[in-house]
Amino acid sequence: MTFQALLVSKDEETTAVLTPVLSGFGVGVQSSGYPDAMVRLSEQKFDAVIVDFDDPHSAALVLQNASQASTGNSAVTVALLSDKTKVRNVFGAGANFVLYKPVSPEQAQASLRAATSLIKRERRRSFRVPVQVPLQLRVQNGAETEAILLDLSEGGMDVLSAQPLYPSAAVS
C-alpha cells in the first residue's frame, strides 16, 4: 500500500529533513508552493498534507482545501510552525499534528510515526476495492437470489441484489 503526502513549504531545510523521514515510513512526498498546492489538492488524493505556517493565511486555505478535497477518506494534516504561541490557531485551522521549526530528524521521526499510524488506520477504515462479480446469495430462510458484488473492503461489501434484502437478514 503506497501513501502520498503533499508538502507545502518554501523552507528547503525543512523539506530536506522531512522527505527522507517520510520515505522511511513508506510515504511518497510531493513538494509544492501554496498556489500549486490548491490545484494539486483538487486533482489528486493525498493521505497526508504537511503545511508550513510561515504564511498563515495561505496555509489555512491549504488545510481547508485538504479537508474539502478528501471525500470519504480524510487526509492527515501536519502543520509546520515557528511561533509556539500560535499553536491554538493552527489546530483551529484543522491541523492534526504540529511540528515546530526548525525541524530535527528526531522530532520529525517521532511525530510522523504517529501521523503515519493514523494514515494507515484511516486508509484501512475506508479503502474499498471496486469489483463486478456475479453472486448467488442464500438468505437465512434458504431462498437463493442473484446479485452482483460491487465493491469490497476489510469491513464489508456492497452488493446489488435482484430481490430486496432485509437489513437484518443473514446471507451466505
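A few points on the structure. (Residues numbered from 1 in each chain as written. Predicted model: local features only at pLDDT ≥ 70, side-chain atom pairs only at ≥ 80, totals over all residues. Heavy atoms only, no water.)

What about the overall build of the protein?
A count of helical and extended segments in the protein gives five helices and eight strands. Helices and strands in the protein line up, N terminus first, as β-α-β-α-β-α-β-α-β-α-β-β-β. Its C-alpha atoms give the protein a radius of gyration of 21 Å, more than 25% over the compact-globule value 16 Å for 172 residues. Here the C-alpha coordinates of the protein stretch approximately 65 × 30 × 25 Å along the principal axes. Burial statistics for the protein: of 172 residues in total, 35% are counted as buried. A separation threshold of at least 6 residues defines the contact pool for the protein, and within that pool the share at least 24 residues apart is 53%. (Helix = DSSP H or I, 4+ residues; strand = E, 2+ residues; numbered from the N terminus. Rg over C-alpha atoms; globule rule 2.2 N^0.38 Å. Buried < 20%, exposed > 50% of the residue type's maximum accessible area, 1.4 Å probe, protein only. Contact = heavy atoms within 4.5 Å.)

Let's talk about helix α1 (residues 12-24)
Spanning 13 residues, α1 covers 19 Å between terminal C-alpha atoms, matching the ideal 18 Å at 1.5 Å per step. Regarding α1, the residues found buried are T14, T15, V17, L18, V21 and L22. Where α1 starts, the residue carrying a side-chain oxygen 3.1 Å from the main-chain nitrogen of E13 turns out to be D11. Just beyond α1, the residue with positive phi is G26, at close to 80°. (Expected span 1.5 Å × (residues − 1). Polar contact = N/O pair within 3.5 Å; in protein donor to acceptor, adjacent residues only side chain to side chain.)

Thoughts on the sheet that holds strand β2 (residues 27-32)
Overall, parallel pairing links the five strands, which are arranged β2-β1-β3-β4-β5 in an open sheet. Unpaired on one side and paired on the other, β2 and β5 (97-100) mark the two borders of the sheet. Pairwise comparison of adjacent strand axes, ignoring direction, gives a mean angle of 20° for this sheet. Running at roughly 155° to β2, α1 makes contact with β1 (3-8), β2, β3 (48-52), β4 (76-81) and β5 of the sheet. Contacts from helix α2 (residues 34-43) reach β1, β2 and β3 within the one sheet, and its direction differs from that of β2 by about 130°. (Pairing = 2+ DSSP bridges. Axes fitted to C-alpha atoms, helices over the stretch in contact; angles between N-to-C directions.)

Side note on the pairing of β3
Summarising burial for β3: five of the five residues are buried, a large majority. Neither face of β3 is left uncovered, since the one carrying A48, I50 and D52 and the one carrying V49 and V51 both have all their residues buried. Bridge analysis of β1 against β3 gives four bridges, and the strand direction is parallel. Within β3, the position partnered with L6 by the bridge is V49. One ladder, built from five bridges, connects β3 with β4; its direction is parallel. Each residue of the ladder has a partner; that of D52, found in β4, is L80.

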